[in-house]
Amino acid sequence: MKKAILLIVFVFQSFLVIAQNGLELRHLQCEMLTNPLGIDVLQPRLSWQIITDKAEVEQIAYHVLVASSKEKLENNEADLWDSGKVESDASINVLYKGKKLNSRDDAFWKVKVWTNKGETQWSQTALWSMGILSYAEWKSTRWIGYNQLFEGDTIGQFSKLSARYVRKPIKLEKDVKEAKVYIMGMGLYELYINGEKIGNQVLAPVPTDYTKNVKYNVFDLTNKIEKGENVIGAILGNGRFFAMRQEYKPYKIKSFGFPKMAMQLVVTFEDGSKETIKTDESWKFTPYGPIRENNEYDGEVYDARMELPNWNKTGFDDSKWMNMMWVQEPGGFPEGQMTPNMKVMDVIKPKSITETKKGTYILDMGQNMAGWLQIKVKGNSGNIIKMKFAESLKDDGSLYIANLRDAQVTDTYILKGEGEEIWEPTFVYHGFRFVEISGYAYKPKLEDFVGKVVYDDLKTVGTFECSNPTMNQIFKNAYWGIRSNYKGMPIDCPQRNERQPWLGDRTTGAYGESFIFDNQTLYAKWLDDIKFSQTLDGGIPDVAPAFWRYYGDGVTWQGAYIKVADMLYQQFGDKKAIENHYLFMKKWMGYMESQYLKNDLMTQDKYGDWCVPPESLEIIRSKDPMRLTDGEVLSSSFYYHLLQLMKKFAKIIDADASDVADYDELSERIKTAFNAKYLNAKTFSYANNTVTANVLPLAFGMVPKELEEKVFQNMVHEIEVVKQGHISTGVVGTQFLMRTLTNFGRGDLAYKLASNTTYPSWGYMVENGATTIWELWNGNTADPEMNSQNHVMLLGDLMIWYYENMAGIKSSEAHPGFKQIIMKPDFNAGLSFVDATYESSYGSIKSHWTKKKNKLDWGVTIPPNTSALVYVPTADVSKVKINKQNLEGVSKHIKTEGNHLVFELKSGTYNIAVK
Ligand code: BGC
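On a predicted model such as this, the values are computed, not experimentally measured, just so you know. (Residues numbered from 1 in each chain as written. Predicted model: local features only at pLDDT ≥ 70, side-chain atom pairs only at ≥ 80, totals over all residues. Heavy atoms only, no water.)

Student: How do you make sense of the side chain of S533 when you look at a structure like this?
Tutor: Residue position: S533 is located in the loop between α4 (520–532) and α5 (560–572). The residues touching S533, leaving out its near neighbours within four places in the chain, are K212, G539, P541, A544, A546 and Y551. (Helix = DSSP H or I, 4+ residues; strand = E, 2+ residues; numbered from the N terminus. Contact = heavy atoms within 4.5 Å.)

See below:
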């Protein structure tokens, strides 16, 4: 056999491409992380990609080598794990099964695969390193801080606390071979070694409930630290730790105390000996640095006159600085952070600058975004530049800030007066499109400002374009909305005094987002946040981490725990999401059953079908009983749906045999009671016949089979005739609307909803200038009290529908993680072309179709080691050509399903033509 032309892709560190015997090698992933330092699971999962220009490639075996050093691996001396040749088609989430790994171990690894088209060479080497695996190993590392207010600090509704500047000179006696640092800096930290900032992360670490778990970050400091004098510097900001507004509603908002840190620096010398430097009371600090205030909601105040030149380098005189004190640890278990920190992910240039009153300017970024503004300014020492942020403008051209509630959202820069000064904040972010700027002694130019877009360092994995411009703009708005709200946890909105990780906003949203962002690690972390916030009796809060102590006991919000785990399994083949959480989910399901199941119906619901289009354009919450869906209808049907998922999970992880039977038995009871009470068999409608009341039982398979079509037609009538082709659902109903319409054969009506531009619709937001997604369908007219312009919850299942139903990119349930792809676009919904790509764990999936009068042209790309079930809208085999060949010549598995042909294609790029 000819040498195979296979490439292995390593999505890790540098993007190295080496051409070698027709083989090109790039990246590997461990735990799906691009930078896997500080892994603290004992059995990490390894993934790789095969890239090739050959078609129909299937992996038949792999061989993984893991060694404790690069040299050993090069010599194929796999002292940690030699998997041997394993006959398997698994190329993602392959469990490490080697020697037990210890804290701080490095593991170098490579892989080689055999395919039906030949074998690859060994891949490039990749690395992961273990974190600190036991609590005991942190024992002699002191948490240090200073639990006191200093001049300028206040606690109140608008708490102010300056950043703490921390420094520690260290002397190393020997030549350094390598060094790693493990840092916990609460709430937020910046780390410096000899004056150089370590890493390009911002606002690190990711927030958690610090009484439950605390994330440490790990950095490789090799070549940054050397024999002789070195200085470790850190700046501590507040983040969610020193919670702002703790005086505001102390019973509601959790606060964790003053900033603090703990750190270990492990240095390995050339002679093989090691030294560990740990935080203790000898470290010094000052609260009198330039960051005078930093508050996520209110903004940062930076006085450049108070800068401390060279504070983080050797030779600085810190004799006037104070010693840090030993302080209580936050209480949470130290965990390696397995999801990336935030980063400046994008920069945008403002579109215009307008003077409103003398010396005050409004800057328009042209896009609602989350992040901050970098400014360039010249002036005298003590000049004050103020920047206030908002999402929109009032009619008179000034900032519209009523919807921010009491968030002050103002950054202040005080000049030192030394020529051109460039500044951006460190410990805050804002949600904004417009900035009001004052304090310039001259008219600033557009070039003086740069918008920095800040969110979790998660790769964009999806693109989508179609023949409908409104749908394209909605996609862009969704993209900007989602990236605005990834802040180490998925938050509701980035601008007002809230910014909370509400569960209900992401129940289905997480799934749609996964087509656009590689959000696996973020949502895996979020499941932990939810788990950690569970009460001993099983309750789950409405926001997790529970920075707000809201334990409202609903089903539709809390159900996110189960729905997001299902998403991780379905989209990423992530079985751990189920294994790690199953018992906690089961406990919550049991808790809800014991507390709230009455007469086989789930009686408790907190938020209803939140944010339905209300009866008047000015109000936020509808009071109209014909628009609102009964809480028991929502909770009971949703709980039924969750029982089906629990049953699926129980089978996946081989849970107790009785579990499946229990879920079945309870589901049946609920279904019976639900239909008995709410199904009107004469009108074929549920409850008060809202679209939500009908779509949920339809989507969840609760409707008696013989009535399904009738109930569906009744719902269609409600949407098409009564609502004249408009949305009438809120956060809950919208999660199932688009797919249910399409699955029951009315993709055209779903398309109408997606492409509408009149109220209420996503397109109406676009028509009214939205560049993100609003919190309310009537966001342009409603009361500002609860009216963010950058919320993603109303997306419902729209993004899923874009990819699965319009592009035809869907992972099969039987072979999750896109091992098998279901390619079944609805070509008749109303679009004439779609061009979509999705970067799956296996590689790039593409679907590009164009429909002309009597002809369909469809280009698909199916990544190696996967296959697709392709649906074309004809039952006549002779009408289908694949790469100009007859269908039978290309696929051996052809079936007819209704008026569709269904056939299997193995990996490769195909042109499908249907006459
Ligand atoms: C949040 C929502 C959240 C809701 C719960 C709002 O204030 O912004 O996104 O889900 O409250 O009712």
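Student: Would you mind showing me how to read unusual backbone geometry here?
Tutor: Most peptide bonds take the trans form, and the phi angle of most residues other than glycine is negative. In this structure, G187 follows M186 across a cis peptide bond, with omega equal to -20°. Along the chain, G187 falls in the loop between β17 (176–186) and β18 (188–193). Cis rather than trans, the peptide bond between Y759 and P760 has omega equal to -10°. With respect to the helices, strands and loops of the structure, P760 is situated in the loop between α13 (747–755) and α14 (762–767). In this structure, D553 is a non-glycine residue whose phi angle is positive, near 55°. Relative to the elements of secondary structure, D553 occurs in the loop between α4 and α5.

Student: How should the site of the ligand be read in this particular structure?
Tutor: As a structural note, the neighbourhood of the ligand is formed by D492, R496, E498, W502, D505, W557, Y607, W610, E775, H791 and M793. One of the side-chain N or O atoms of W557 is found 3.2 Å from an oxygen atom in the ligand. Considering the ligand on its own, with 310 Å² of exposed area, one finds that the protein chains cover 95% of that surface. Partitioning the shell around the ligand into residue classes produces five nonpolar, one polar and five charged. (Near = heavy atom within 4 Å. Polar contact = N/O pair within 3.5 Å; in protein donor to acceptor, adjacent residues only side chain to side chain. Areas by Shrake-Rupley, 256 points an atom, 1.4 Å probe, with all protein chains shown as cover. Nonpolar A, V, L, I, M, F, W, Y, C, P; charged D, E, K, R; others polar.)

Student: I'm lost on helix α15 (residues 798–807) in this one. Help?
Tutor: It helps to recall that an α-helix has 3.6 residues per turn; residues three or four apart then point in one direction. Summarising burial for α15: ten of the ten residues are buried, a large majority. Of the positions making up α15, those classed as buried are L798, M799, I800, W801, Y802, Y803, E804, N805, M806 and A807. (Buried < 20%, exposed > 50% of the residue type's maximum accessible area, 1.4 Å probe, protein only.)

Student: Teacher, can you tell me more about α5 here?
Tutor: Over its 13 residues, α5 runs 17 Å from end to end, which matches the ideal 18 Å to within 8%, given 1.5 Å per residue. In the segment just after α5, G573 is the residue with positive phi, at about 60°. (Expected span 1.5 Å × (residues − 1).)

Student: Could you clarify how one ought to interpret the sheet that holds strand β22 (residues 228–237) in this entry?
Tutor: What holds strands together in a sheet is hydrogen bonding between their backbones, with the strands either parallel or antiparallel. One open sheet holds the six strands; their spatial order is β19-β18-β22-β16-β25-β28, and the pairing between them is antiparallel. Sheet topology places β19 (196–197) and β28 (322–323) at the edges, where each strand pairs with a single neighbour. (Pairing = 2+ DSSP bridges.)

Student: I tried to follow the pattern of salt bridges on my own but got confused; where do I start?
Tutor: Pairs can form between side chains of opposite charge whenever their charged atoms are close. Tallied over the full model, the rule gives 52 salt bridges. Of the charged contacts in the structure, one is a salt bridge between E31 and K576, with a shortest N-O distance of 3.2 Å. On the criterion of sequence distance, the pair formed by E31 in the loop between β4 (29–30) and β5 (37–39) and K576 in helix α6 (residues 576–579) is long-range, its members being 545 residues apart. Close ionic contact of K254 with D209 constitutes a salt bridge, the shortest N to O distance being 2.6 Å. With K254 in the loop between β22 and β23 (260–269) and D209 in the loop between β20 (201–202) and β21 (213–220), this pair connects stretches of sequence that are 45 residues apart. You'll find K254 and D209 in the same group, each marked buried. Among the charged side chains, a salt-bridge network with shared partners connects R405, R496, E498, E775 and E785. (Salt bridge = Lys/Arg side-chain N within 4 Å of Asp/Glu carboxyl O.)

Student: In this structure, what is going on with the packing of helix α2 (residues 469–484) against α15? I would like to understand it.
Tutor: The interhelical angle for the contact between α2 and α15, taken along N-to-C directions, is 125°, at an axis separation of 11 Å. Taken together, the axis directions place α2 and α15 in an arrangement best described as oblique. Of the two elements, α2 crosses α15, and the hand of that crossing is left-handed. Across the interface between the two elements, M471, I474, F475 and A478 of α2 pack against L798, M799, W801, Y802 and Y803 of α15. Along the lines of polarity and charge, the residues of the contact of α2 with α15 split into nine nonpolar, no polar and no charged. (Axes fitted to C-alpha atoms, helices over the stretch in contact; angles between N-to-C directions. Parallel < 35°, antiparallel > 145°, perpendicular 65-115°, else oblique. Left-handed = near helix turned anticlockwise from the far one by under 90°.)

Student: Can you help me understand the packing of α2 against α13 in this one?
Tutor: Each packed pair of helices is defined by two parameters, the angle between the axes and the distance between the axes. The contact between α2 and α13 brings their axes to 8 Å, and the two run at 65°. Between α2 and α13, the angle is such that the two are roughly perpendicular. On the side of α2, the interface is formed by T470, M471 and I474, while α13 contributes Y751, A754 and S755. The residue makeup of the contact of α2 with α13, split by class, is four nonpolar, two polar and no charged.

Student: Please clarify how the environment of D783 should be interpreted in this entry.
Tutor: If you trace the backbone, D783 turns up in the loop between α14 and α15. Exposure remark for D783: the relative accessible area of 37% places this residue in the partly exposed category. Distance in space between the C-alpha atoms of D783 and R167 is 49 Å, their sequence separation being 616 residues. Beyond its immediate chain neighbours, meaning those up to four positions away, D783 contacts E618 and I620. At a separation of 2.8 Å, a polar atom in the side chain of D783 contacts the main-chain amide nitrogen of E785.

Student: Help me understand the sheet that holds β4 in this model?
Tutor: With respect to topology, three strands assemble into an open sheet ordered β4-β6-β11, the strand pairing being antiparallel. Pairing within the sheet leaves two strands with one partner each, and these edge strands are β4 and β11 (94–95). Relative to β11, strand β6 (residues 45–47) is paired through two bridges, and the arrangement is antiparallel. The partner of R45 across the bridge, within β11, is L95.

Student: Would you mind showing me how to read the nonpolar core here?
Tutor: Grouped burial of nonpolar side chains is what soluble globular proteins tend to show. F464 and I912 are the most contacted members of the largest nonpolar core, which totals 219 residues. The biggest single contributor to this core is helix α8 (residues 631–652), with twelve residues. With residues near it in sequence (within four places) discarded, F464 still touches M471, N472, F475, Y802, Y803, M806, A807, V834, D835 and A836. In this structure, V176, A204, V267 and F285 belong to the second largest nonpolar core, which totals 30 residues. (Core = buried A, V, L, I, M, F, W, Y, C linked by side-chain atoms within 4.5 Å.)

Student: Whenever I open this one, the domain arrangement of the protein chain confuses me. Can you help?
Tutor: In many analyses, interface size is given as the accessible surface area lost on bringing the parts together. Along its sequence, the protein chain is organised into domain 1 (5–129), domain 2 (136–339), domain 3 (344–456), domain 4 (489–754) and domain 5 (810–914). On a C-alpha basis, the centroid separation for the pair domain 1 and domain 4 is 39 Å. Across the boundary between the two partners, domain 1 contributes eight residues, which contact six residues of domain 4. In this assembly, domain 1 packs against domain 4 so that about 530 Å² is buried in total across both faces, 39% of it on carbon and sulfur atoms. Counting the surface domain 1 buries against domain 4, the share from its top three residues, M32, R45 and N93, is 68%. The shortest N-O distance in the salt bridge between R45 and D574 comes to 2.7 Å. There are four residue pairs in polar contact (both at pLDDT 80 or more) connecting domain 1 and domain 4. Partitioned by chemical class, the residues of the side of domain 1 that touches domain 4 number four nonpolar, two polar and two charged. (Domains from an automatic or database assignment. Buried area = accessible area lost by both parts, 1.4 Å probe.)

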